[in-house]
Amino acid sequence: MPSLLIIRRQGCSGLRVISSRAGTGSRQWNSPKFANAWVSLARQHHVSAIVIGGGPAGVAAVGNLLNQIKPKEEGQGKIAWIDNAFQGGRINAKYRDVPSNTKAGLFFQYANALGAFRAIFKDVPKPNAVSTIRSLTQDDTCSLHYAGDMLQQLTDGLRKNRQIDSTRGQVTSLNWDESTSTWSLKIRDWDGKVKGEVIERSAPLVVYCTGSHPATTTLPVTGPEPIDLDTALKPTALFHFLNTAAKARAEPLTIGVIGASHSAILALINLVGLQWSIKDGSPLKNLRIKWFSRTPNLKYAEYKDGYILYDNTGLKGTAANFARKHLEGDKIKTSRAGQVITRIDCSGGEAAEQDAFVKELPGCDFVVQAIGFEKNPLPALTGDNAPGELVFNHETGGFHDKTSGKEVQGLFGAGIAFPERVVDPEGNVEHAVGFFKFMKFLKRVVPQWVDKTGARGEKKEN
């Protein structure tokens, strides 16, 4: 009698043997060949939703999905979460030493916005990351390492949740199956028995929280060597980089800084602070800075009655205080920082800016481009009617195909790469970037996503 094996899908746990009847060939099920095939099948898990990315938006997306998807049975309602590190994203990896432009109180509100988050810190002895943030002056900005520690504790807690299926790895492709209305993801698993082994997850709902990295543009001159913005924002790394460079050069270093945003001002602060802290005789003592700015009058966040004007584009905190004291208008001519910084006027449009670069950049040894951030690369999309270029809807969090205009089913985004568009009472349109802004956006749209894709079980309490 031939062997009979009955298998059914069991939530995220994959495929489960529920009965078998052995015949003469029964011993084949215990063979290494069958065992390997069984592992391959079991690695193709179906879940309710998938989140790609482990930064502040990814953490918030997972928490909001937990509040919306309640399993009816053990093993159902699973949420797959994929990230290459699970260490709090770029905030923790690159920017722990950076002053925030967010008040400490908003980090505290983020940590307490969801029941899933509160449950984690309820079981963590104090002092913990959230109690530490609570002890700070809530109306002041703070170092991002406080937010980074909070993200790490939330990440660790969420990964222990039995409803979360986390994989440290990299998503290489998403395949859409029209007949089942599901996305199938291929993932390189960094922690598998074979490092880089390809596993699969499938779900009707996928959320991109894939983050961004510093943007750069091609400059009209090739002389200055680039300093990565991440290095410029970290004082210790900046010192080691420039100290090594200075020792190899006979002349004092000149650094160009392009931009007038929060990150550009922080780069200027670090460079000036480095020059101020160096002892006489050091090769960095005579460091000079050329600041390429389109305007002598910087933009600051303005706290109004019930809202913040230029909330997402204006300077705040440490950057705003430094700029007002040392850089604003004619103050740069007499301020202490102005003894180190020369402002290069780039006003008058792109052509005038390019002329300023051609004239002044050759006098720089290095250049920092602080001109914003751009999206990280996304996995390839394949399958039935796979979209080409994605266009993000900043109101709903969904996507449509740029060529056909057709909505992309089951695919959504959030975070710095896919922010909400907001309009303030004075009509200014901005993109809302920040921990609590991501949280507010996701609390609004995640219930809609879950309903639209049929991923909801029973709604959990906030």
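Scroll up for the structure.
Residues numbered from 1 in each chain as written. Predicted model: local features only at pLDDT ≥ 70, side-chain atom pairs only at ≥ 80, totals over all residues. Heavy atoms only, no water.

Ordered in space as β13-β19-β14-β15-β18, the five strands form an open sheet in which the pairing is parallel. Since the sheet does not close on itself, it has two edges, and those belong to β13 (225-227) and β18 (341-345), each with one partner. Between one strand and the next, the sheet's axes are offset by a mean angle of 25°, whatever the strand orientation. Of the strand pairs in this sheet, strand β15 (residues 288-293) and β18 are connected by five bridges, and their pairing is parallel. Within β18, the residue paired with Ile-289 across the bridge is Ile-341. In the packing of helix α12 (residues 350-360) onto the sheet, the strands contacted are β14 (254-258), β15 and β18, and the crossing angle to β15 comes to about 165°. (Pairing = 2+ DSSP bridges. Helix = DSSP H or I, 4+ residues; strand = E, 2+ residues; numbered from the N terminus. Axes fitted to C-alpha atoms, helices over the stretch in contact; angles between N-to-C directions. Contact = heavy atoms within 4.5 Å.)

Position of Thr-172 among the secondary structure elements: in strand β8 (residues 164-177). Thr-172 gets classed as partly exposed once you look at its relative accessible area, which sits at 32%. Counting along the chain gives 13 residues from Thr-172 to Leu-185, while the straight-line C-alpha distance between them is 7.5 Å. (Buried < 20%, exposed > 50% of the residue type's maximum accessible area, 1.4 Å probe, protein only.)

A separate point is the nonpolar core. Counting residues in hydrophobic clusters, the biggest one holds 93 residues, and the most contacted among them are Tyr-110, Met-150, Leu-242, Ile-265 and Leu-327. Look past the residues within four positions of Ile-265 in its chain and what remains in contact with it is Ala-260, Trp-291, Leu-298, Leu-315, Ala-319, Phe-322, Ala-323 and Leu-327. Residues Ile-50, Leu-174, Ile-187 and Leu-381 belong to the second largest nonpolar core, which totals 22 residues. (Core = buried A, V, L, I, M, F, W, Y, C linked by side-chain atoms within 4.5 Å.)

Attention now moves to unusual backbone geometry. Residue Pro-127 follows Lys-126 across a cis peptide bond; omega there is 0°. Locating Pro-127 in the fold gives a position in the loop between α5 (115-122) and α6 (129-135). Positioned with a positive phi, Ser-181 is a non-glycine residue whose angle comes to about 55°. In this fold, Ser-181 is placed in the loop between β8 and β9 (182-189). Looking at Ser-181, the relative accessible area reads 32%, which means it is partly exposed. Even without glycine at this site, Tyr-310 takes up a positive phi of about 60°. Looking at the secondary structure, you find Tyr-310 in the loop between β17 (308-309) and α11 (317-327). Tyr-310 gets classed as partly exposed once you look at its relative accessible area, which sits at 22%.

Under the defined criterion, the tally for this structure stands at 16 salt bridges. The partner of Arg-249 in a salt bridge is Glu-225, and the shortest N-O contact between them spans 3.1 Å. In this pair, Arg-249 is assigned in the loop between α9 (235-247) and β14 and Glu-225 in strand β13, connecting sequence segments 24 residues apart. In this structure Arg-249 comes out as partly exposed when scored by relative accessible area, which is 29%. On the accessibility criterion, Glu-225 (39% relative accessible area) is partly exposed. (Salt bridge = Lys/Arg side-chain N within 4 Å of Asp/Glu carboxyl O.)

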